[in-house]
Amino acid sequence: MVIDEFKRADARNVYDLKEKDIPLLKFHLFEKAGMVEHGFTTRLGGVSDGIFSTLNLSYTRGDQKAAVDENFRRAAQAVDAVCCDLVFTDQTHTTNVRRVTGADRGKGITRKRDYKDIDGLVTDEPGLVLAAFFADCVPLFFVDPVHHAVGLSHSGWRGTVGRIGQKTVSMMQETYGSRPEDLFCAIGPSICQSCYEVSEDVAGRFREEFPNAAKDILYATTPGKYQLNLWKVNELALLEAGICPEHLAVTNICTCCNPQLLFSHRASHGMRGNLGAFLKLKK
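Overall, mixed pairing links the six strands, which are arranged 5-6-9-8-10-14 in an open sheet. Every interior strand has two partners, whereas the edge strands, strand 5 (97-99) and strand 14 (248-250), have only one. Pairs of neighbouring strands in the sheet enclose a mean axial angle of 10°, with direction left out of account. Bridging between strand 8 (residues 138-144) and strand 10 (residues 184-187) involves four bridges; their strand directions are antiparallel. Counterpart to F142 in the pairing with strand 10 is C185.

Here it is as structure tokens:
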């Protein structure tokens with residue numbers, strides 16, 4: 001599979017698609033930094049069947065546990081890790097961000113989580129793999145090359161209007177002394193504006209939170225309906241947080257436009273698996 005197979009995307013200046021163990025989308029920005037292993041999965045390279053075909057990374061949508069176990073083994077191997085190195089979010093569309101350490105290793109996959117309602121994770125411990133899961137929502141990656149810390153957040157529309165990206169930056173500032181101008185960030189594959197229609201109440205919340213950007217993030221379609229640009233909103237929020245434009249990679253790969261290559265909740269009407277985003281500091 002090559003990047004040109006993605007519809008409505010010209011991502012070659014943003015991503016590489018590497019197939020060490022499974023296909024993984026990797027940001028040039030982080031590859032050049034050389035201090036992290038990372039990737040965003042496609043739906044290819046796993047062992048699941050049917051609507052979960054093939055690399056489903058969810059235990060909660062009805063897939064066979066043995067298949068998901070094997071899919072996670074392959075995903076972990078692709079970032080030079082094993083499953084007990086992973087730490088999962090507990091995604092409920094909050095803006096809560098949690099610091100994790102070696103004491104959290106394996107939580108969500110080989111050990112029970114003792115936390116809930118966590119949509120973002122940060123760490124400064126090498127070898128610990130932050131893991132978050134997607135099927136249209138926005139993955140946000142953060143790398144601090146100065147203080148050797150990383151963050152990974154899940155941003156649906158609620159997280160986006162709540163500025164979870166900014167809150168992840170703030171957590172890294174408070175916890176590790178990170179400076180926004182030093183951070184390298186990426187906005188990963190998710191649903192594009194053309195595919196993402198929202199109602200007036202959702203649009204109103206974005207107009208209220210981003211009053212100077214409404215024309216850039218919302219496009220009226222029919223009365224009371226709007227197309228929402230989650231990529232642009234997250235970009236604006238990160239720039240407002242102090243991220244340098246040259247340190248920010250913004251996706252143009254849509255999950256909904258590419259249902260054969262990526263899981264999309266909207267394209268599949270909820271009959272789907274999950275994609276995974278992974279990020280770790282190298283030892």
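This brings us to the nonpolar core. Residues W157, F206, L228, L230, L238 and C254 are the most contacted members of the largest nonpolar core, which totals 42 residues. Put simply, the parts of the chain that give this core at least two residues each are strand 8, helix 3 (157-161), helix 4 (164-176), strand 10, helix 5 (200-209), strand 13 (225-228) and helix 7 (230-240). In contact with W157, not counting residues within four places along its chain, are Y196, V202, R205, F206, L228 and L230. Residues F6, L261, L262 and A277 belong to the second largest nonpolar core, which totals 36 residues.

Bringing the pattern of salt bridges into the picture now. Tallied over the full model, the rule gives 16 salt bridges. A salt bridge links E70 to R74; its shortest N-O distance comes to 2.8 Å. Of this pair, E70 and R74 are both found in helix 2 (residues 65-78), four residues apart, which corresponds to roughly one turn of the helix. Assessed through its relative accessible area of 21%, E70 is described here as partly exposed. Ionic pairing is found between D182 and R179, a salt bridge with its closest N-O pair at 2.8 Å. Residue classification places R179 among the partly exposed positions, given a relative accessible area of 44%.

Counted under the stated rule, the structure contains 11 aromatic pairs. Geometrically, the ring pair formed by F27 and F141 is edge-to-face, given 5.4 Å between the ring centres and 65° between the ring planes. Within this pair, whereas F27 is found in strand 2 (residues 24-27), its partner F141 is found in strand 8, the two being separated by 114 residues in sequence. A relative accessible area of 0% places F27 in the buried class. The exposure class assigned to F141 is buried, which follows from its relative accessible area of 1%. For the pair F133 and F278, a centre-to-centre distance of 6.4 Å together with 80° between the ring planes defines the contact as edge-to-face. Here F278 lies in strand 15 (residues 275-281) and F133 lies in strand 7 (residues 129-134), a separation of 145 residues in the sequence. Exposure remark for F278: the relative accessible area of 1% places this residue in the buried category. Taking NZ or CZ as reference, R207 lies 5.3 Å from the ring centre of Y226, over its face.

Before going further, it helps to examine helix 2. Over its 14 residues, helix 2 runs 20 Å from end to end, which matches the ideal 20 Å to within 8%, given 1.5 Å per residue. Inspection of helix 2 places A67, V68, N71, F72, A75, A76 and A78 among the buried residues, and these make up the whole buried set. Contacts from the buried residues of helix 2 go to strand 2, strand 4 (86-88), strand 7 and strand 15. Looking one or two residues beyond helix 2, the residue adopting positive phi is D80, at roughly 55°.

Rules and cut-offs
Throughout this description, residue numbers start from 1 for each chain and increase along the sequence as written. This being a predicted model, a pLDDT of at least 70 is required before a residue's local features are given, and a value of 80 or more before pairs of side-chain atoms are given or counted; all residues contribute to the totals for chains, interfaces and linings. Computation of side-chain values: all heavy atoms of the structure, hydrogens and water removed. If DSSP finds at least two bridges between two strands, the strands pair. Only DSSP runs of H or I reaching four residues or more are called helices, and only runs of E reaching two or more are called strands; each is numbered from the N terminus. Note on geometry: axes are C-alpha line fits, over the in-contact stretch for helices, and angles between N-to-C directions span 0 to 180 degrees. Residues belong to a common nonpolar core when they are buried Ala, Val, Leu, Ile, Met, Phe, Trp, Tyr or Cys residues joined through side-chain atoms within 4.5 Å. Think of it in three bands: residues with accessible area under 20% of the maximum for their type are buried, residues over 50% are exposed, and the middle band is partly exposed, with areas taken using a 1.4 Å probe on protein chains only. Working rule for contacts: check all heavy atoms of both residues, and any pair within 4.5 Å makes them a contact. Any carboxyl oxygen of Asp or Glu that lies within 4 Å of a side-chain nitrogen of Lys or Arg is treated as forming a salt bridge with it. Pairing of aromatic side chains requires ring centres within 6.5 Å, counting the rings of Phe and Tyr and the six-membered ring of Trp. Pairs whose planes differ by under 30 degrees are stacked, by over 60 edge-to-face, and all others tilted. In this analysis the charged atom, NZ for Lys or CZ for Arg, is taken to sit over a ring once it is within 6 Å of the ring centre and within 35 degrees of the ring normal. Expected helix span is computed as 1.5 Å times (number of residues minus one).

These figures capture arrangement, not role.
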